[in-house]
Amino acid sequence: MKTTNPNSSSKNNSFEPEQFLYLTTRGRKSGLPREIEIWFTYRDGRFYLIAEYPTSNWLQNLQADPDAQVRVGEKKFAARARLISPETEPELHRAISDLSREKYGWGEGTVVQLEQVAVTNENK
């Protein structure tokens, strides 16, 4: 029987069955959109990614420009990324690593939070 982690938001989480998130960043050198398929976890209304290596291109792109586009399941939205430091936010870092281990059997690396941002009508 599967139990729900009390640190997760998997109760009524429509994203739980999804295995991948599609992240579009802006290339830090080219300025062109770059899309990747990546594992994710979801907690308290935010999506989390883990970069295995600090040299991952998508991570470096987000460090240069934290604005991104996200697609997961049928949902698409603009997001802003921020790194979760194990030194300044150890509980959150540990919780996300644990959620990733539960879901994928792996959870080591740089944790990145993606938070949905409001879209204005200016650019429509």
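Residues numbered from 1 in each chain as written. Predicted model: local features only at pLDDT ≥ 70, side-chain atom pairs only at ≥ 80, totals over all residues. Heavy atoms only, no water.

All of the buried residues along helix 1 (residues 57-64) are Trp 58, Leu 59, Asn 61 and Leu 62. Relative to the axis of helix 1, the buried residues are bounded by an arc of 160 degrees and lie together on one face. Facing away from the buried surface of helix 1 by more than 90 degrees, the exposed residues are Asn 57 and Ala 64. In this structure, the buried side of helix 1 is in contact with strand 1 (21-26), strand 2 (33-38), strand 4 (46-51), strand 5 (67-72), strand 6 (75-84) and strand 7 (110-116). (Buried < 20%, exposed > 50% of the residue type's maximum accessible area, 1.4 Å probe, protein only. Helix = DSSP H or I, 4+ residues; strand = E, 2+ residues; numbered from the N terminus. Arc of directions from axis to C-beta. Contact = heavy atoms within 4.5 Å.)

Attention shifts here to the side chain of Thr 25. Its location among the elements puts Thr 25 in strand 1. For Thr 25, a relative accessible area of 4% corresponds to the buried category. At 3.1 Å, the side chain of Thr 25 and the side chain of Asn 61 are in polar contact. Setting aside residues no more than four positions away along its own chain, Thr 25 makes contact with Leu 32, Pro 33, Arg 34, Trp 58, Asn 61 and Leu 62. (Polar contact = N/O pair within 3.5 Å; in protein donor to acceptor, adjacent residues only side chain to side chain.)

Turning next to unusual backbone geometry. In this model, Asp 44 sits at a positive phi of 50 degrees, which is unusual for a non-glycine residue. Looking at the element boundaries, Asp 44 is found in the loop between strand 3 (41-43) and strand 4.

If you look at the biggest cluster of nonpolar residues, it comprises 21 residues, and the most contacted ones within it are Leu 21, Leu 23, Phe 40, Phe 47, Leu 49, Trp 58 and Leu 114. Those elements that place two or more of their residues in this core are strand 1, strand 4, helix 1, strand 5, strand 6 and strand 7. Dropping the residues within four chain positions of it, Leu 23 is found in contact with Arg 34, Glu 35, Ile 36, Leu 49, Trp 58, Leu 62, Ala 68, Gln 69, Val 70 and Leu 114. Listed in part, the seven residues of the second largest apolar core include Tyr 48, Ile 84, Leu 92 and Leu 99. (Core = buried A, V, L, I, M, F, W, Y, C linked by side-chain atoms within 4.5 Å.)

Across the protein chain, the average pLDDT comes to 88, with 85% of residues at 70 or higher. The low-confidence segment residues 1-12, where pLDDT is below 50, has 14 contacts with residues more than four positions distant or belonging to other chains. (pLDDT = per-residue confidence, 0-100.)

What follows covers empty space enclosed by the protein. With the rule as written, the count across this model stands at one cavity of 30 Å³ or more. Taken as a whole, the largest cavity holds about 60 Å³ of empty space. In terms of lining residues, the largest cavity is bounded by Trp 39, Phe 40, Thr 41, Tyr 48, Leu 49, Ile 50, Ile 96, Ser 100, Tyr 104 and Trp 106. Those elements that place two or more of their residues in the lining of the largest cavity are strand 4 and helix 2 (90-104). (1 Å grid on protein atoms, 1.4 Å probe; cavity = no way out; pocket = protein on both sides within 12 Å on 5 of 7 lines; lining within 4 Å. Points joined across faces, edges and corners; volume = space filled by probe spheres on them.)

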